[in-house]
Structure formats: C-alpha cells, structure tokens
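# Survey of secondary and tertiary structure
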Amino acid sequence: MKNTYTNKPLWTSINKVPYTYPWLSHDENTQICILGGGLTGALCCFKSMSFGIDTVLISADPIASSLTAQSYGIMQLHVNKGLYILSKKIGISNAIKIYNLIKNSIDEIEDLCSSLPSSCGFKRGNSLLFTQDKSKNEFIQKEYMLLKHNGFDVNFITKEDALERFPFNIESGILYNNLAATVDPYMLTHEIIKKCEESGASIYENSRVDVVGSNHAIPYLKTNLGKKINANNIIFTTGKSMNKLLRDIGIKRTSFAVATKPVENTSRWTDNICLLNCIDTPKMNFALTKDDRILSYGLDAGMTKPFRNLTGLFSDSSCINRFENKKFDSLSEGLSYYFPRLCNTSPEYAFATDYIQTEQGLPIIGELENLKNCLYCLCPGDNGIVFSDIVSDMLLKFYKSDAPFLNNFIDVLENTLVDNH
C-alpha cells in the first residue's frame, strides 16, 4: 500500500469543487424542503422542479461531500442476493417490477447525464456476475433462467467460455448485456443541483438543521443559527444519519475500496464489461470508471467508525487502522489476481464507506409518525444511485396526487402511481 492515499475517497480527490452555495442566512417559506445534499436529495430536487414546485434544498455539509462522495458510482441490474432470492422474499411480480424500474432508471440517468454540461463520467457497459465455487453453479443457472424468461438480455457463461474470455477462473456466470453503468456520483450530484438552482430552486449548504417541528400541521426546520424554513412538505434524504430519526432501520456496515491510477490499456478489460461481481465469500467486486481506473470494493464488515471513535478516546486506534489496512491489502491482492495482464493496477486511493444494510437491499421510504407531511427515504447498498432515481419519482408522484402515503417500499411499489417511468 505504498504511495497510496489512505482514507481519501476517490471522487473528492480527483475533482475540484465545481460549485458552492450560501448558508441559510434568512427565513424561507416553500412548498417542498429537501433535507440532504447528496444524490438522493439532488434527484428529489430535480423531480420537484420538473413539476414546477417551489423547492428549497438544505445540506448540513458541503454539497455531495458525505456519503455520496464515498459512493462507488455503480448502476446494475442486480439487487442484494439476486432476482431469484428477491422473488422468494417479495414475490415474483414485485421482484420483476423492481428489476424493470432499475433497467429504466439506468436509461434515465444516462439521458440526464447527456443533458448536463458535464457527462459526469457516465460509462455504459456490460456486467458479469460469477462464481468460482462449483456448489453455486445451480444458483447461477436459476438466476440466469429467471432473468432470461422475463425478457432481460443476459447470456450464460460456462467454465469453458470463461477460459477463452477471462484471465481468471470462473465456474459459471451471467453476462448482463448493456445493463450496467458507472458514473462519478460527486459530479453528478453537483451538476443536478446546479441545474435545479438555475431553474429557480434555492440551495443552501453548510447549514445544520437542529430542530424539526410542526406549527398547525405546517412542518418547519430550524438551523443551528436560528434560521427557519416553513414548508408544506419536508423530504428527509440524509443517508445513514436517518438512524437519528428512525430506530432499527437496518444494520450498520462498512465497505472497503481501493482505486487504481488510470489503466494504460483498457482493451484488456474484455467484453465491454464495466462491472464484475463475484458472489463468493469474501465478496469482492470491481468497476471500471470513465477515466479507466479500476475500483475494487467489498469485504464488508461491521461499521468501523464507532470503534475508531471509541479507541481514540481510550487508547491508540492503531488496531482499527491495521484492520482497515488488511482489508485494503486484500483488495489490492484481488486486483493482481483478477487482472494479471493489466499495468498500473497498484492502488492510488483507499477508503472505507459506512452504510446501512436494509432488508433485501431495498430502499426504506415512509412518513414520520409524529410529523405530518414529513417524508423520508434511504437508498442503501451498491445500487443506491438507481434507487435514488426510483424513490424520487415515488415521492414526487405522491406529492402531486395528494394520495395517502404508504410507509413501505413494497406497498408504494404496488400502488398504481408507480409505473416503469
């Protein structure tokens, strides 16, 4: 791990801050207030403005500098443990509906990126889901058959196929044709929010909200400096800090990542693949960015930040550093194993990402029990970008319809308001 920038997220390291916004220095009145300056908040703001709704977005931190900056920027036709397992949990109809929404969201985000001043590093391609464990061949085959039967463009990869196409062993796999993408989530969030501001939205950063209340059924926010926003509706998109508002919303986890310098010869990355997903344990995945970096991520563990804080209070935190560095070393070794013919595969950046793992890897969405007209959403996991797009549609469609809000993602999914974009 020599010459590696440790605990520095990739996106904020390779990008300059493109835009800045004022802090909230006066009171505001608006139809919708969005709390959170990450990608989910940006997309909610964008959808709100597309409906012509007066909108304010407020962020405690600089725009896109928190969980979005630590995101891996991936989009894929895959949820948690796959379509086969998901269909067993929520029913085949709902599972297929989710997969179609994901497929269409990737198209929508591609169209959005093409309309922005910067393409935001959007790269469309194939993805490969595979195993090196013979005992999992049956699962891969069931997953493939279910995808193929429901109209998704996939190919089955046998061990013999893999010998001719890949520099590493595969027992079986699924190639998803043009059903994946990578993007720079930091730049995407900034460009969306800038477009919202140009359309008339009010954007505030570095403005921490300390109080959320209600006055005659009109919700309001009050910042640490005493400034107030009155809104007909508030949408909370504050990521992992949602656990301050909600209890038992999921399991706190940490994922680890290393990113290489730009690879010299990407033609050796075969079959136009931008994502590689190995389902074996320990789980290790790979993504190819627009600027030809390989991002290796996974090896998830219990959330390390609380332990880092705890050990920092009472003793040397070197044990946590050693634990993280071991993860980074394993990911670096994975790069050498999976891509032995590529040059410059040594990591340039290494960082950890805290997140909340939800049931089946699906978003959490609902209305706060004690505050009327206050909606919330959390888009967890590797596919957070497409779920942010899907959930932002759901929230704004309910706002426009005046229908009673449903406090469950599956219930909202089954509602007639939700279609495939």
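Up top is the structure.
An account of the accompanying structure is given in this report. (Residues numbered from 1 in each chain as written. Predicted model: local features only at pLDDT ≥ 70, side-chain atom pairs only at ≥ 80, totals over all residues. Heavy atoms only, no water.)

### Here we look at unusual backbone geometry
Threonine 281 connects to proline 282 through a cis peptide bond whose omega is 0°. With respect to the element layout, proline 282 can be found in the loop between β13 (273-278) and β14 (284-288). With a phi close to 60°, asparagine 7 is a non-glycine residue in the positive phi region. Of note, the phi angle at asparagine 206 is positive, near 55°, even though the residue is not glycine. Secondary-structure assignment places asparagine 206 in the loop between β8 (202-204) and β9 (209-215). A relative accessible area of 46% means that asparagine 206 is categorised as partly exposed. (Helix = DSSP H or I, 4+ residues; strand = E, 2+ residues; numbered from the N terminus. Buried < 20%, exposed > 50% of the residue type's maximum accessible area, 1.4 Å probe, protein only.)

### Concerning the packing of aromatic side chains
Overall, the coordinates contain 16 aromatic pairs when judged by the stated rule. Measuring from centroid to centroid gives 5.2 Å for phenylalanine 286 and phenylalanine 339, while their planes differ by 90°, and the two rings are edge-to-face. Of this pair, phenylalanine 286 sits in strand β14 while phenylalanine 339 is found in the loop between α9 (318-338) and β16 (347-357), placing the two residues 53 residues apart along the sequence. Like phenylalanine 286, the residue phenylalanine 339 is buried in the burial classification. Among the aromatic residues, ring-to-ring pairing joins Phe130, Phe166, Phe168, Phe286, Tyr337, Tyr338 and Phe339 into one connected group. The ring of tyrosine 220 has lysine 228 lying over it, and the distance from NZ or CZ to the ring centre is 4.4 Å. (Phe/Tyr/Trp six-rings, centres within 6.5 Å; stacked < 30°, edge-to-face > 60°. Lys NZ or Arg CZ within 6 Å of the ring centre and 35° of its normal.)

### Structural notes on the side chain of aspartate 184
Counting through the fold element by element, aspartate 184 comes out in the loop between β7 (172-182) and α7 (185-198). Of the buried charged residues, aspartate 184 lacks a salt bridge, with arginine 293 as the closest side chain of opposite charge at 8.7 Å. Side-chain polar atoms of aspartate 184 contact the backbone nitrogen of tyrosine 186, separated by 3.1 Å. In this structure aspartate 184 touches Trp11, Asn15, Cys120 and Gly121, once residues within four positions along its chain are discounted. (Lys, Arg positive; Asp, Glu negative; His and termini not counted. Salt bridge = Lys/Arg side-chain N within 4 Å of Asp/Glu carboxyl O. Polar contact = N/O pair within 3.5 Å; in protein donor to acceptor, adjacent residues only side chain to side chain. Contact = heavy atoms within 4.5 Å.)

### Concerning the environment of tyrosine 19
One can find tyrosine 19 in the loop between α1 (10-14) and β2 (28-35). A relative accessible area of 22% places tyrosine 19 in the partly exposed class. On a C-alpha basis, the gap between tyrosine 19 and threonine 68 in space is 16 Å, while along the polypeptide they are 49 residues apart. One polar contact links tyrosine 19 to glutamate 191, side chain to side chain, over a distance of 3.1 Å.

### Examining helix α10 (residues 384-401)
The end-to-end C-alpha distance of α10 is 25 Å, a good match for the 26 Å that 18 residues give at a rise of 1.5 Å each. Burial of α10 is extensive: 15 of the 18 residues sit out of reach of the surface. Just past α10, the residue aspartate 402 takes up positive phi, approximately 65°. (Expected span 1.5 Å × (residues − 1).)

### Focus: the pattern of salt bridges
Here the structure, examined in full by the defined rule, presents 12 salt bridges. Note that glutamate 171 and lysine 159 form a salt bridge whose closest N and O atoms lie 3.4 Å from each other. Of the two residues, glutamate 171 is situated in the loop between α6 (159-165) and β7 and lysine 159 in helix α6; the sequence distance between them amounts to 12 residues. Residue glutamate 171 is classed as buried on the basis of its relative accessible area of 11%. Within the structure, one salt-bridge network assembled from shared partners comprises Lys47, Glu108, Asp389 and Asp393.

### Notes on the nonpolar core
Within the largest apolar cluster, 88 residues are counted, with the highest numbers of intra-cluster contacts made by Ile98 and Leu395. Setting aside anything within four residues of it in sequence, one finds isoleucine 98 in contact with Val79, Leu86, Ile90, Leu362, Phe387, Phe409, Ile410 and Leu413. (Core = buried A, V, L, I, M, F, W, Y, C linked by side-chain atoms within 4.5 Å.)

### A short note on the packing of helix α2 (residues 39-50) against α10
Running from N to C, α2 and α10 cross one another at 40°; their axes reach a closest spacing of 9 Å. One element, α2, and the other, α10, form an angle in the oblique class. Crossing angle aside, the handedness with which α2 passes α10 is right-handed. Touching Leu39, Thr40, Leu43, Cys44, Lys47 and Ser48 of α2 are Ile385, Ser388, Asp389, Ser392, Asp393, Leu395 and Leu396, all from α10. When its residues are assigned to classes, the contact of α2 with α10 shows six nonpolar, four polar and three charged. (Axes fitted to C-alpha atoms, helices over the stretch in contact; angles between N-to-C directions. Parallel < 35°, antiparallel > 145°, perpendicular 65-115°, else oblique. Left-handed = near helix turned anticlockwise from the far one by under 90°. Nonpolar A, V, L, I, M, F, W, Y, C, P; charged D, E, K, R; others polar.)

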